[in-house]
Amino acid sequence: MKILHIDCSPRLDSHSRALSAAIVGKLLAIASDATIIRRDLGVAPLPAATADYATTLSSPTTLAAPVPGSLDLSEELIHEIEAADMIVIGTPMHNLTVPAVLKAWIDQIMRAGRTFRSTPAGKVGMIGDRPVFIGIASGGTFSGERANQPDFLTSYLSAVLGSMGLKSLQFFPVQATAFLDAEQGAIARDAALAMLDLADMSPPPRLVAAGGA
Ligand SMILES: Cc1cc2nc3c(=O)[nH]c(=O)nc-3n(C[C@H](O)[C@H](O)[C@H](O)COP(=O)(O)O)c2cc1C
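Note that the structure is a prediction, hence the values are computed from the model and not measured.

Asks: So what exactly am I meant to see when it comes to the pairing of strand β7 (residues 169-174) here?
Replies: Alignment of strand β6 (residues 132-137) against β7, held across six bridges, turns out to be parallel. Bridge assignment links F133 to a residue of β7, and that residue is Q170. Since β6 and β7 lie parallel, the crossover through helix α6 (residues 154-164) that links them has a hand, and here it is right-handed.

Asks: Could you clarify how one ought to interpret helix α5 (residues 100-109) in this entry?
Replies: Since one α-helical turn is 3.6 residues long, residues separated by three or four positions face the same way. Turning to α5, its buried residues number three or more, namely V101, L102, W105, Q108 and I109. End-on view of α5: buried residues confined to an arc of 120°, all on one side of the axis. Along its buried surface, α5 packs onto α4 (72-83), β3 (86-92) and α6.

Asks: I keep staring at the sheet that holds strand β2 (residues 35-40) and nothing clicks. Help me out?
Replies: For sheets, the rule is that strands pair by backbone hydrogen bonds, running either parallel or antiparallel. Reading across from one edge, β2-β1-β3-β6-β7 is the order of the five strands in this open sheet, with parallel pairing throughout. Two strands lie at the open edges of the sheet, namely β2 and β7, each paired on one side alone. Ignoring strand direction, the axes of neighbouring strands in this sheet form an average angle of 15°.

Asks: What exactly am I supposed to notice about unusual backbone geometry here?
Replies: A negative phi holds for most residues other than glycine; trans holds for most peptide bonds. The backbone phi angle of L96 is positive, close to 75°, even though this residue is not glycine. Considering the arrangement of structural elements, one finds L96 in the loop between β3 and α5. L96 gets classed as partly exposed once you count the C-beta atoms within 10 Å, which come to 14.

Asks: Would you explain the site of the ligand in this entry?
Replies: Among the 17 residues in the neighbourhood of the ligand, the closest are listed as S14, S16, P92, G139 and G140. A total of three residues in the shell around the ligand trace back to one element, the largest contributor, which is helix α1 (residues 15-30). Looking at the shell around the ligand, its residues break down into four nonpolar, 11 polar and two charged.

Asks: Can you walk me through the nonpolar core in this structure?
Replies: In globular proteins that are soluble, nonpolar side chains generally tend to be buried together. Counting residues in hydrophobic clusters, the biggest one holds 41 residues, and the most contacted among them are I23, I87 and V88. Elements represented by at least two residues in this core include exactly β1 (2-7), α1, α4, β3, α5, β6, α6 and β7. Once residues lying within four places of it in the same chain are set aside, the contact partners of V88 are I3, H5, I6, S20, I23, V24 and F133.

Asks: I would appreciate a short explanation of the pairing of β2 in the present structure.
Replies: Sheet faces and side chains relate simply in a regular strand, where the side chains alternate between the two faces. In this sheet, β2 lies alongside β1 in parallel orientation, the contact comprising six bridges. Bridge pairing in β2 links H5 to R38. Note on the crossover from β1 through α1 to β2: the handedness is right-handed.

Asks: Would you mind showing me how to read the environment of I6 here?
Replies: Tracing the backbone through its elements, the reader meets I6 in strand β1. Between the C-alpha atoms of I6 and S20, which are 14 residues apart in sequence, the distance is 7.9 Å. Residues contacting I6, with those up to four places away along its chain left out, are R39, L41, I87, V88 and I89.

Asks: Explain the packing of α1 against helix α7 (residues 182-193) to me, please; I cannot follow it from the model alone.
Replies: Relative to each other, α1 and α7 sit at 45°, their axes nearing to 10 Å. Taken together, the axes of α1 and α7 are oblique relative to one another. Crossing handedness for the pair α1 and α7: right-handed. The segment α1 lies against α7, with H15, A18, L19, A22, I23 and K26 engaging G185, R189, A192 and L193.

The rules behind these values
Residues numbered from 1 in each chain as written. Predicted model: local features only at pLDDT ≥ 70, side-chain atom pairs only at ≥ 80, totals over all residues. Pairing = 2+ DSSP bridges. Helix = DSSP H or I, 4+ residues; strand = E, 2+ residues; numbered from the N terminus. Right-handed = clockwise from strand over helix to strand, strands pointing away. Buried ≥ 20, exposed ≤ 12 C-beta atoms within 10 Å, placed from the backbone. Arc of directions from axis to C-beta. Contact = placed C-beta atoms within 7 Å. Axes fitted to C-alpha atoms, helices over the stretch in contact; angles between N-to-C directions. Near = placed C-beta within 6 Å. Nonpolar A, V, L, I, M, F, W, Y, C, P; charged D, E, K, R; others polar. Core = buried A, V, L, I, M, F, W, Y, C linked by C-beta atoms within 7 Å. Parallel < 35°, antiparallel > 145°, perpendicular 65-115°, else oblique. Left-handed = near helix turned anticlockwise from the far one by under 90°.

So this is what it looks like as structure tokens:
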């Protein structure tokens, strides 16, 4: 089994990193032979979409004849997803949604004709579903009775990853981190992870993507 482990916080001592590490730990406890594919977007951010990449993605014609080399990074990142049986993401909330480094990853993996098909009825995923566990840290509160801000993070990730075919998402929020000391942070993390559902650990169905890898 392979686990793709992604972190997004620019901080090394971080609530979302602690969350994702704890999720990976729980997965390894039941699948000790699992190997980890590491993608640390916080430590090594991806570049923003380049002119060549944007040109290739600009029309069906250019997608059929890409600017040479323009899809290399995108392919590398998509292969990491395809190789993984499960994906674990640790991310902060930044300005009500995902941080820029996670958006840069999404900009590389969402590709018409490769990870989704555009149809009149909307995008159809070309990536086989697999569990995606997402640990979220937010300084304030975005869900529940005490929510004091909108949440464009969980809805956005559900929509965009769902468009690729990744629909089995579980979110684990640790909120109000601005007011948590280390001990309270650990308690909040344990409470969030109590919801972790490892009931279905069966291998995910693989879609064969038409025209894809
Ligand atoms: C640029 C930036 C924007 C932020 N925007 C929000 C926000 O919109 N809502 C919120 O609750 N917290 C916000 N925060 C606070 C972080 O979500 C919080 O500090 C969180 O714990 C960071 O994750 P980490 O501990 O994994 O680094 C923001 C922090 C930064 C640096």
